[in-house]
Amino acid sequence: MRLWSIALSLVVAAVPAAAQPNAEWIRVAVVREDPQVDLQIYGRFTMRALHTGEPIHQGRRLQPVAVRAVPEGIALGEEIFPVVGVRIEPESSATISLNGKRLRGTVEIVRQADLKLMVVNQVALEDYLRGVLSKEAPDYWPLEALKAIAIAARTYGVYQRFLKEAEDYDVTGDVMSQDYGGKTAEKAGTTRAVKATAGWILMYQRRLFPTFYHSTCGGTTEHGRVMGRFDLAPLRGGVACSLCSASPFFSWQRRLTKADVAWALHKSAHGPVGTVQDVRVGDRTRSGRAEQIAIIGSQRTLKLSGYEFRALFGFEAIRSTLFSITPSGEDFVVEFIPGKDDERV
């Protein structure tokens, strides 16, 4: 692998020049399925109808207001705009605050078919990284370590920018992409690392490298194919690691009641399984991660991938797919403790 400095007109092999997105910017989905968001704007701004570009609201600042999706369009407080979406453009000295988080760049608020809101923050790539790095690494880490993470984060962002050009956004603002805290999260140490590596990305065999990274590997890395069709030598996993044992997330536990499982399934597209009787790990990957989990009910057995299981209960609750599941009365203890195996596999 090699490091390359990117110019503003980044060209990636195998992508026609006419089809290339502008790699100076990135689109971050900071909200995807909320019925309401809280909006405030510090400074002058223009709000435009998303699909026509017509100005529909301007001001010197916007006091805190609830934004909702309604059948007629987008509601700002009691005022309803008959549009499917709005684009908020702050002047250079102004800042948008969404749900208490200050964001650089512009914001698009879009009404979805189910009357939920999707909010996309379009922000300069380097500004995006300032809001990412402080969430992905402590700002007191050595500068060289932070610089390495900055290069990985930048490469990941550019990679997704080219991959997702035809979609509504490039990355999400959570752990499904890279954790993003906006301007609110920026810190001096991590910002210094972003500036020190400005424009640097990672290449492999003259192509952008998909830089999947993590804070804690649980003792061994996983094959990149769990993230998609990736069979590059550096992503084949199986690398033992003793360093992440110092991480506060190395060992973790989550207790799920049978009612928790039933309610999560009821709310999801998977649907109910009847009375929940058991939850157990089926197949595992070569690194020991749960590849398939069976939820056994009185009506049927539902088989989920490790990813789907995490998504069902939340990625912050189920921190990885490296876990065991142990029955405990009416509960199931999902946990990763080094050296502990799931005897029911």
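Draft legend 1. Just the sheet that holds strand β7 (residues 73–76), in detail. A sheet is described by the order of its strands in space; here 6 strands give the open sequence β8-β7-β6-β3-β10-β11, paired in antiparallel fashion. Two strands in the sheet have a free side with no partner beyond their single neighbour: β8 (79–81) and β11 (101–103). Put simply, the sheet's adjacent strands are angled 30° from each other on average, direction ignored. The pairing of strand β3 (residues 36–42) with strand β6 (residues 62–70) spans 5 bridges and is classified as antiparallel. Note that in β6 the partner of Asp38 across the bridge is Ala66.

Draft legend 2. Main features of the state of the cysteines. Counting across every chain of the model gives 0 disulfides. Not part of a disulfide, Cys244 finds its nearest cysteine sulfur in Cys217, a span of 3.7 Å.

Draft legend 3. Quick peek at unusual backbone geometry. Positive phi, close to 60°, is recorded for Leu115, a residue that is not glycine. Relative to the helices and strands, Leu115 is located in the loop between β12 (106–111) and β13 (117–124). Phi at Arg206 takes a positive value of approximately 65°, unusual for a residue other than glycine. Take Arg206: it is sitting in the loop between β15 (200–204) and β16 (207–208).

Draft legend 4. Molecular detail of the sheet that holds strand β21 (residues 324–328). Read across the open sheet, the 3 strands follow the order β17-β22-β21; overall the sheet is antiparallel. Across the chains shown, the open sheet's two edge strands, defined by having one partner strand only, are β17 (252–257) and β21. Taken over all neighbouring pairs, the strand axes of this sheet differ in orientation by 25° on average, direction set aside. Bridge analysis of β17 against strand β22 (residues 331–336) gives 6 bridges, and the strand direction is antiparallel. What sits directly across from Thr257, in β22, is Asp331. Lying on the sheet, helix α4 (residues 258–267) is in contact with β17 and β22; it crosses β17 at an angle near 80°.

Analysis parameters
- Residues numbered from 1 in each chain as written.
- Predicted model: local features only at pLDDT ≥ 70, side-chain atom pairs only at ≥ 80, totals over all residues.
- Heavy atoms only, no water.
- Pairing = 2+ DSSP bridges.
- Helix = DSSP H or I, 4+ residues; strand = E, 2+ residues; numbered from the N terminus.
- Axes fitted to C-alpha atoms, helices over the stretch in contact; angles between N-to-C directions.
- Disulfide = S-S within 2.5 Å.
- Contact = heavy atoms within 4.5 Å.

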